[in-house]
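# Secondary and tertiary structure notes
Take a look at the letters that make up each chain.
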Amino acid sequence: SLVANATHMPVHLGSMDRAVETIIRENKGSIKPGDAYLINAPYNGGTHIPDLTVCTPVFEPPSRSLLRKRGRVGRGKILFWVASRGHHADIGGIAPGSMSPIATTIDEEGIYLDNFQLVDRGKFREAALYDLLTKAKYPARNPVQNVNDLKAQIAANEKGVQELRRMVAEFGLNVVHAYMRHVQDNAAESVRRVIGKLHDSAFT
């Protein structure tokens with residue numbers, strides 16, 4: 001249920017939300033605070049292989065009563081998701097830049113990443129990521145750059161997590177949810193107005 005994404009990046013429209021939906025579906029019941037996931041699969045909400053999407057859940061803060069009862073932090077409920085998509089300079093494949101016009105399989109385009117857990121309860125899975133980047137049939141040409149760019153995407157998501165939590169703390173969850181619905185309703189009405197102004201036409 002998409003609320004907002006970058007208006008200046010049309011390639012994300014209709015795909016970023018599908019990527020997040022894939023992560024939610026494929027990890028149902030196992031998502032924990034501090035986790036983050038990586039995906040570029042064109043079949044599951046990705047665009048082309050060099051576009052890597054990092055998805056991070058935003059959990060509700062555990063209540064004090066829950067902390068007293070359990071003596072530890074509970075998992076809580078996922079309130080939101082944040083995601084960032086970065087176009088990487090190279091992600092392997094048969095040609096630098098991972099966009100070969102002569103590729104006939106997806107592996108020849110680059111490293112296919114579908115629901116890879118990038119961060120596990122706050123721990124960056126760097127060794128496993130390096131294995132993915134360097135042991136593929138057509139490995140990444142600059143895995144250090146890939147890793148550093150992914151760290152930046154993780155940090156961008158964390159900023160989003162912090163800002164959403166700050167919004168909830170200031171206004172309350174009900175108000176935030178209500179205004180998110182207002183944003184979605186306004187978007188739907190704006191599209192209806194544009195469609196209403198279109199005339200029947202034919203194109204070749």
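Coordinates for the structure precede this section.
Every chain begins its residue count from 1, and numbering advances along the sequence as written. Since the coordinates come from a predicted model, pLDDT governs what is reported: local features require at least 70, and pairs of side-chain atoms require 80 or more to be given and counted, while whole-chain, interface and lining totals use all residues. To get the side-chain values, take all heavy atoms of the structure and skip hydrogens and water.

### Observations regarding the overall build of the protein chain
Elements are defined by DSSP. Helices are runs of H or I of four residues or more, strands are runs of E of two residues or more, and each kind is numbered from the N terminus. Counting its secondary structure elements, the protein chain contains six helices and five strands. What you see in the protein chain, going N to C, is helices and strands ordered as α-β-β-α-β-α-β-β-α-α-α. For the protein chain, the spread of C-alpha atoms along the three principal axes comes to 60 × 55 × 25 Å. Within the protein chain, residue pairs in contact and separated by at least 24 positions form 65% of the contacts whose partners lie at least 6 positions apart. Here, Shrake-Rupley sampling with a 1.4 Å probe gives the accessible areas, and only protein chains in the shown set may cover a residue. Accessible area of the protein chain: about 12500 Å², with a carbon and sulfur share of 56%. It only takes one pair of heavy atoms within 4.5 Å for two residues to be counted as in contact.

### Some remarks on the sheet that holds strand 1 (residues 36-39)
With respect to topology, five strands assemble into an open sheet ordered 3-2-1-4-5, the strand pairing being antiparallel. Looking at which strands have only one partner, the edges of the open sheet turn out to be strand 3 (78-87) and strand 5 (123-124). Paired strands, as defined in this entry, are two strands with at least two bridges between them according to DSSP. Two elements, strand 1 and strand 2 (residues 51-59), share three bridges in a ladder whose sense is antiparallel. Pairing of Ile39 across the sheet is with Thr53, part of strand 2. Angles shown run from 0 to 180 degrees and are taken between the N-to-C directions of axes, each axis being a line fitted to C-alpha atoms and, for helices, limited to the stretch in contact. Contacting strand 1, strand 2 and strand 3, helix 1 (residues 16-26) runs over the sheet at an angle of about 125 degrees to strand 3.

### Topic: helix 1
Here the term buried applies to any residue with accessible area under 20% of the maximum for its type, exposed to any over 50%, and partly exposed to those in between, with areas from a 1.4 Å probe on protein chains only. Burial in helix 1 covers these residues: Met16, Asp17, Ala19, Val20, Thr22 and Ile23. Of the surrounding secondary structure, the elements contacted by the buried residues of helix 1 are strand 1, strand 2 and strand 3.

### Side note on the packing of aromatic side chains
In summary, the pairing rule links any two rings of Phe, Tyr or Trp, Trp by its six-membered ring, whose centres are within 6.5 Å, and it sorts them by plane angle into stacked for under 30 degrees, edge-to-face for over 60 and tilted for everything else. Within this structure, the stated rule accounts for one aromatic pair. Summarising the aromatic geometry, the rings of Tyr43 and Tyr112 are spaced 6.3 Å apart at their centres and angled 55 degrees between planes, so their arrangement reads as tilted. Placement of the pair is Tyr43 in the loop between strand 1 and strand 2 and Tyr112 in the loop between helix 3 (106-109) and strand 4 (116-120), with a sequence separation of 69 residues. Overall, Tyr43 belongs to the exposed group, its relative accessible area being 64%. Of the residues examined, Tyr112 reaches a relative accessible area of 29% and is grouped as partly exposed.

### Some thoughts on the pairing of strand 2
Residues in a regular strand point their side chains to alternate faces of the sheet. Counting buried residues along strand 2, nine of its nine residues qualify, which places the element largely inside the surrounding structure. Neither face of strand 2 is open: one carries Asp51, Thr53, Cys55, Pro57 and Phe59, the other Leu52, Val54, Thr56 and Val58, and all of them are buried. Pairing geometry for strand 2 and strand 3, over nine bridges, is antiparallel. Residue pairing across strands places Val58 opposite Phe80, the latter belonging to strand 3.

Such coordinate-based values are descriptive only and should not be taken to indicate function.
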